[in-house]
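For reference, the chains in residue letters:
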Amino acid sequence: MTTANEILIPARPDLAAAREEWLKTLKDTRRLSANTITAYERDTRQFLIFLTSHLGKPPALKDVSSLRVADLRSFLASRRNEGVGARTLGRELAGVRSLLRHLERRGLANAAGASAIRAPRQPKSLPKPLTAEDAKRVVEFDSQTAEEPWIAARNAAVLTLLYGCGLRISEALGLMGDALRDPTEASITIKGKGGKSRLVPILPVVHRAVNEYRRLCPYDLSADKPLFRGARGGVLHQAIIQREMQKMRGALGLPDNATPHALRHSFATHLLGRDGDLRTIQELLGHASLSTTQVYTGVDTQRLLDIYDRAHPRA
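Note on numbering: residues in each chain are counted from 1, in written sequence order. The predicted nature of this model means local features are confined to residues of pLDDT at least 70 and side-chain atom pairs, given and counted, to a pLDDT of 80 or more, with totals for whole chains, interfaces and linings taken over all residues. The side-chain figures draw on all heavy atoms in the structure; neither hydrogens nor water molecules are used.

**Student:** Any chance you could break down the overall build of the protein chain for me, citing the residues and the numbers?
**Tutor:** Looking only at helices and strands, one finds 16 helices and two strands in the protein chain. Looking at the 315 residues of the protein chain, the share that counts as buried comes to 43%. Any two residues having at least one pair of non-hydrogen atoms within 4.5 Å are treated as being in contact. In the protein chain, 65% of the contacts between residues at least 6 apart in sequence involve partners at least 24 apart. For the area figures, the Shrake-Rupley method with a 1.4 Å probe applies, and any residue is considered shielded solely by the protein chains shown. About 17100 Å² of surface is accessible on the protein chain, with carbon and sulfur atoms providing 52% of the total. We count a stretch as a helix when DSSP gives it H or I for four or more residues in a row; a strand needs E for two or more, and each element gets its number in order from the N terminus. Burial classes follow relative accessibility: with a 1.4 Å probe on protein chains only, a residue under 20% of its type's maximum area counts as buried, one over 50% as exposed, and anything between as partly exposed.

Structure below.
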């Protein structure tokens with residue numbers, strides 16, 4: 001961890017010492033990671049550099065205690081003009097807030113100004129789906145690493161539900177023992193976020209995967225028990241399926257974005273790529289707002305560009 005003793009800090013001794021104490025508290029009391037502490041050290045040092053220029057002198061504790069909202073906005077504007085993005089700005093503001101709140105608890109500053117400022121709006125990151133080929137390889141993968149055949153069948157059934165039905169992993173693992181028992185059942189009601197229910201179609205391949213797991217599972221799968229079980233018969237935890245996907249990434253040479261949740265993204269993106277309409281995909285995913293579903297249109301940009309290249313006479 002970089003400390004004030006290792007780098008010349010643009011601050012008066014009283015403020016530099018208070019900041020060093022704050023960094024020590026982050027490490028020894030709050031036990032934050034070394035990377036987080038390093039980032040906070042760097043971000044608050046950047047803030048002190050700005051204050052030195054802004055005030056025309058290295059800041060002291062009394063200068064920090066009298067900071068106004070306008071001063072903090074000037075800091076963010078200055079960093080934005082230097083080309084710093086919204087994510088970095090948000091992290092830098094978080095570091096400054098943490099320092100000021102630490103000083104406030106010791107009666108050395110007022111953190112109200114920092115608390116009043118809204119963090120910069122963060123850009124929405126696009127989902128990272130798998131290709132259709134990779135998604136099929138995942139759900140069809142015959143795991144040789146599972147301790148028992150029923151565990152391999154269980155993993156396959158869960159992953160097939162994520163890609164075949166677009167379920168969240170919590171929704172798949174929340175199914176009860178009587179779910180999907182009837183192989184002629186064309187749909188199932190899923191209770192998602194906020195207790196909102198939705199109807200999800202069930203593909204024959206999903207029924208086959210679940211029925212194979214049910215046939216091999218050594219535990220009682222009655223209606224009042226969870227459908228998917230851990231190795232000792234208890235509730236199956238998400239981390240187990242996440243570890244299984246991690247093994248698959250190595251075995252199948254998949255990219256780092258191959259996670260259980262990426263299968264849900266793949267479900268939506270591949271439907272959109274096959275001319276599925278957004279409103280239907282919204283219902284299938286259980287999104288409360290269409291704007292949440294619209295993010296998948298950005299994922300499919302390459303497909304639109306390919307169509308343009310093939311169809312436009314001047315392409």
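**Student:** How would you explain helix α5 (residues 86–105) if you had to name every residue and give the values?
**Tutor:** Multiplying one less than the number of residues by 1.5 Å gives the expected span of a helix. A rise of 1.5 Å per residue sets the reference length of α5, with its 20 residues, at 28 Å; its end C-alpha atoms lie 28 Å apart and thus fit the reference within 8%. Of the positions making up α5, those classed as buried are L89, G90, E92, L93, G95, V96, R97, S98, L99, L100, H102 and L103. Where the residues of α5 are buried, they touch α1 (13–28), α2 (34–55), α3 (61–65), α4 (69–81) and α6 (112–116). With its phi angle positive at about 70°, G107 sits one or two positions after the end of α5.

**Student:** Give me the UniProt feature "active site" (unreviewed entry) in the protein chain: which residues, what numbers.
**Tutor:** In this numbering, the UniProt entry assigns the feature "active site" (unreviewed entry) to R168, K193, H261, R264, H287 and Y296. For R168, the location among the structural elements is in the loop between α8 (149–165) and α9 (169–173). Among all residues touching R168, those that are not within four sequence positions of it are L162, G192, K193, R198, R264, L285, G286 and H287. UniProt positions are given in the numbering used here, feature names are shortened, and annotations may be inferred rather than shown by experiment.

**Student:** Talk me through the pattern of salt bridges; I want residue IDs and the actual numbers.
**Tutor:** Only one rule defines a salt bridge in this text: a Lys or Arg side-chain nitrogen within 4 Å of an Asp or Glu carboxyl oxygen. Within the structure shown, the criterion is met by 15 salt bridges. Ionic pairing is found between R215 and E212, a salt bridge with its closest N-O pair at 2.8 Å. With a gap of three residues between them, R215 and E212 both fall in helix α10 (residues 204–216), about one helical turn apart. Accessibility expressed as a relative area gives 58% for R215, which makes it exposed. On the basis of relative accessible area, E212 is assigned to the partly exposed category, the value being 33%.

**Student:** So what's going on with the packing of aromatic side chains? Which residues, and what values?
**Tutor:** Here the aromatic set is Phe, Tyr and Trp, taking the six-membered ring for Trp, and pairing holds for ring centres within 6.5 Å; pairs whose planes are under 30 degrees apart are stacked, those over 60 apart are edge-to-face, and all others are tilted. For the structure on display, the rule yields six aromatic pairs. Judged by centre distance (4.9 Å) and plane angle (80°), the rings of F47 and F75 are edge-to-face. Here the residue F47 occupies a position in helix α2, and F75 occupies one in helix α4, the gap between them amounting to 28 residues. A single burial state applies to F47 and to F75, both of which are buried. When the ring of W150 is compared with that of Y219, the centres are 5.7 Å apart and the planes differ by 80°; the resulting orientation is edge-to-face. Taken together, the positions of W150 in helix α8 and Y219 in the loop between α10 and α11 (238–252) put the pair 69 residues apart, joining distant regions of the chain. Taking the relative accessible area as the measure of exposure, W150 reaches 4% and is therefore buried. Among the aromatic residues, those joined into a cluster by ring pairs are W150, Y213, Y219 and F228.

**Student:** Outline the confidence of the model for the protein chain, listing residues and values.
**Tutor:** Regions with low pLDDT carry predicted coordinates that are not meant to be interpreted in detail. The pLDDT score gives, residue by residue, the confidence of the prediction method on a 0 to 100 scale. Residue-level pLDDT values for the protein chain average 85, and 86% of them are 70 or greater. Here residues 1–6 is modelled with pLDDT under 50, and outside its nearest four sequence neighbours on either side it reaches 10 contacts, counting other chains as well.

**Student:** Which residues make up the environment of P218, and what values do they have?
**Tutor:** Tracing the sequence through the fold places P218 in the loop between α10 and α11. Each C-alpha atom, one on P218 and one on A231, is 9.8 Å from the other, the two residues being 13 residues apart in sequence.

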